[in-house]
Structure formats: structure tokens, C-alpha cells
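# Overview (structure and organization)
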Amino acid sequence: MFGGLLCGIGMVSAAFCTSIMQLYICVGFITGLGLALNLQPSVIMIGKYFLKRRPIANGLAMAGSPVMLCTLAPLNQFLFDSFGWRGSFLILGAILLNCCVAGALFRPIGPGTASVKTQVTEEEKGALKQEVTEDAMEISSPTNLPMKNKTEEEGDRDCCEKINRYLDFSLFKHRGFLIYLIGNVLMFLGFFAPIIFLAPYAKHTGIDEYSAAFLLSILAIVDIVARPTTGIIANSKWVRPRIQYFFSFSIAFNGVCHLLCPLASSYTGLVVYSVFFGLAFGMVCAMLFETLMDLVGAARFTSAVGLVTIAECCTILLGPPIGGMLIDTFGDYKYMFVKCGVVMVLAGTFLFIMNYYNYRVLAKEEKERKAREEDPKTVRTENEGRNNWIKETTQGGPELELLREEQAGPKKEENGIREV
């Protein structure tokens, strides 16, 4: 709801701007922050509401954005011709305020007492952890540490726990997460630029403005159908266990479409390109967050989305300017499409190869774990090693001398009785 409010304020404020810097602040910063607050919570909520049919839910939820994309291009042209750019910003701001209504429809999961139970559980865990820490310090050292050092260590530990509660940096040790992050950062260098330059490219070839804008509508219509269809396919028993391969294929397919775009020299060719581009774009968007949740799980998904978004923003910002620089340098749009196609084919190939490697390693680790559980010798060896470690760590402790003497006394008596 707060994100929808920021979107509306940003667009309405843009109607009263008098310089390009003010437009950057209102449209770029305020509206962009509002859109981010709309997208991320809605994606996270899907993972909390759905489990069994989560890919279908993601596909249906993501199908909402191409509806706006389908109508936005001709709507912007109509509003600009009828009301000017200031009136267009006012109307778009009023439309974006409806996000507040959508946010009000979300309902929390579970009863209100869940938060109280969680708080009590966290307090119990903290108390237990503190008792264990104090006992370990008393056993391992002959003298207690100063209270000042203990307080400082507890404060540092609490600070790290608070940070990890919102951003779990231990995900950077997760093999699957790193593969996903590197592949997506590379992919977004060429993901959005073709959408931005599709209409200008059509105008550059001599097509009128409304026909060029209609290409985006064709792309969005195909995208609307592609996202839920992809979700249904990804939820099938044949695809879902290996959904990472399907995601890699969709990225590479996207890149192939961009590589073939320069061959489209007529309006019919651009329509065909828009159809296939909409299909590939919808496939990627439908599985973008589902594949991440498949790798890290629902419990760590919130932190994973935040970290991935932070990393992806850099390449999202760099992609369109690099494409525009290529257009200005060579005076032709085809180099921009070739660049985007090559980048996305490389990203898809990288994800396919590395996910294959990840699946092999996971299968090997699972096989070794089952072998350890089934082998009693391994379990006995681990128990003996643990007992030896405990014996070595407690051997030199002066606190255990009395205990060892008390244990030795009954043994001597037993030996004496047996000898008699």
C-alpha cells in the first residue's frame, strides 16, 4: 500500500516539474521506489501462500504486468496527444494509486497469536543459548572472563543476528544461489534494452508511430498467454524437478530471438519478432523467482530476493545505456540487438552448464549422506571420535579431579571384592 502511494505521488509530482532533474527525482526515484515496494512483497507473498502449485501461481501473478504493457504504449500516445505530457502524468498517477487497493486485499496468514509465539520462542532460544555459553566458558577456562568483554561479544552477536534476519549473507556460500546470481546479472545486460528500443527501431525503418507502438501491444498480448502457460508447464512432474534447465532454455531462446531481429526488415517481420520475443520474455518472467525459491527454499527466499535485486539493479541500469551508445556509435540498431542476443545466449549457456554441475554434486552429496546413515561402522567411528574429543578437552580441567577420584574409589572397591 505504501508503494502504491509513492507511485501515485511520484507521477502526480512529475506533472508539475520544470526541469529534467526534477523528473529524475519524481519519476525515477520516488516512483521507482514505489514500484520496488510493490513488486518484492507481492512476489514473497506468493511463496508464503502457495507451495504445491507455486509455479502456476507465479505465472498467473506475473501475467498482470503485460496487461499494463499491452495498453500502456497506445494509452501513452493517446494521452499525450489529448492532454499533453503534464496531463498524462496526472492520469497515470491516479491509475497507480489503485495499487493501494490491491495491497489492502492481502490478508495475513495464520492467527494473530503467531507473532506472540514466535517472540516467546526467540526469547527461550536466546536464554538457552546464553546459559550454554556461560557453562562452556566456566568449564573451558579456570577464571571467568570480564563482564565487559562478555557484554561486547553479546552486543556484536546480536547486531549480526539482526542484520542476518533481513539479509542472510550466508547465501553467498550457497552454490546454487551463486550460480543463479551470476547468470541473472549477465542476463539483465540484454533483457530490457530490446523492449525500450523496439518502437524506435520500427520508426527508424519508416513505420508510423501508432504501428510502432502496436508492436509492444502484440508483445504484451503474447506475454499474457505465455506466463501462465509456462507456469502450468513448469508445475508438471516432468519439468519441476529440473526447472533450472527450463529456465536456462528460456533465456537462450530469448537471445536467439534478438540475434534474428536484424533480419526483420519489414513490418511483418517485426510482428513475427514481437510474437516470439513476447513468448520468450514471458517464459523468463514466469520462472524468474520460482527458480530462485527452488534453489534456496521458502525460508531464505526473502533475503535471497533482496540480495539478487541489489546485484541485478546495476546491470539493469547499464543495459539500455550501453545499447544506446552502440546505436549512437554505429548509427544502426542491429548492433544493439546483436549485443543483447549474445549476452543472453551466454547467460543461458552458463546457467545450463553450471546447473548440470550443481545437480550432479547434489546427487553425489545425497548418495554419500545415505551411505553414511546406512553404514554402522561410520556411525560408530564418529561416536568414538566425538568421545575422544570430549575426553581430550576435559582431561586437564582441575574441576574434574574430584569427580575422577570419586569414580576411581568404587572401582577399587569392586576390584577388592572380586579379588577376595
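The following refers to the structure shown. (Residues numbered from 1 in each chain as written. Predicted model: local features only at pLDDT ≥ 70, side-chain atom pairs only at ≥ 80, totals over all residues. Heavy atoms only, no water.)

### Comments concerning the overall build of the chain
Across its full length, the chain holds 16 helices and 0 strands. A total of 420 residues make up the chain; the buried ones form 35% of that total. Relative to all contacts within the chain whose residues are 6 or more apart in sequence, the contacts with residues 24 or more apart total 80%. (Helix = DSSP H or I, 4+ residues; strand = E, 2+ residues; numbered from the N terminus. Buried < 20%, exposed > 50% of the residue type's maximum accessible area, 1.4 Å probe, protein only. Contact = heavy atoms within 4.5 Å.)

### Points about the nonpolar core
Formed by 57 residues in total, the largest nonpolar core has its most connected members in Phe177, Met187, Phe191, Phe247, Ile251 and Leu292. Put simply, the parts of the chain that give this core at least two residues each are α8 (175–187), α9 (193–204), α10 (209–234), α11 (243–260), α12 (267–296), α13 (301–330) and α14 (334–374). Examining the composition of this core, we find that 15 residues originate from one element, α12, more than from any other. Ignoring sequence-local partners within four residues, the contact set of leucine 292 consists of Phe177, Tyr180, Gly297, Phe301, Ala304, Val305 and Val308. (Core = buried A, V, L, I, M, F, W, Y, C linked by side-chain atoms within 4.5 Å.)

### Here's the deal with the pattern of salt bridges
Two side chains of opposite charge can pair, provided their charged atoms sit close to one another. According to the stated counting rule, one finds 4 salt bridges in the structure shown. Arginine 175 is the salt-bridge partner of glutamate 365, the closest N and O atoms lying 3.8 Å from each other. Of this pair, glutamate 365 sits in helix α14 while arginine 175 sits in helix α8, and the two are 190 residues apart along the sequence. The class of glutamate 365 is partly exposed, set by a relative accessible area of 41%. By relative accessible area, arginine 175 is classed as partly exposed at 28%. (Salt bridge = Lys/Arg side-chain N within 4 Å of Asp/Glu carboxyl O.)

### Observations concerning the side chain of aspartate 223
In this fold, aspartate 223 is placed in helix α10. Separated by 3.4 Å, the side chain of aspartate 223 and the backbone nitrogen of glycine 282 make a polar contact. (Polar contact = N/O pair within 3.5 Å; in protein donor to acceptor, adjacent residues only side chain to side chain.)

### Concerning the packing of aromatic side chains
What characterises a pair of aromatic rings is the spacing of the ring centres plus the angle enclosed by the ring planes. Summed over the entire model, instances satisfying the criterion amount to 18 aromatic pairs. Here phenylalanine 191 and phenylalanine 281 contribute two aromatic rings whose centre-to-centre distance is 4.8 Å and whose plane-to-plane angle is 15°, an arrangement assigned as stacked. In this pair, phenylalanine 191 is assigned in the loop between α8 and α9 and phenylalanine 281 in helix α12, connecting sequence segments 90 residues apart. For the pair shown, phenylalanine 191 and phenylalanine 281 are each scored as buried. Here the aromatic cluster, defined as three or more aromatic residues joined through ring pairs, consists of Phe188, Phe191, Phe192, Phe197, Tyr201, Tyr273, Phe277, Phe281, Tyr333 and Phe337. The ring centre of tyrosine 359 lies 4.3 Å from the NZ or CZ of arginine 242, which sits over that ring. (Phe/Tyr/Trp six-rings, centres within 6.5 Å; stacked < 30°, edge-to-face > 60°. Lys NZ or Arg CZ within 6 Å of the ring centre and 35° of its normal.)

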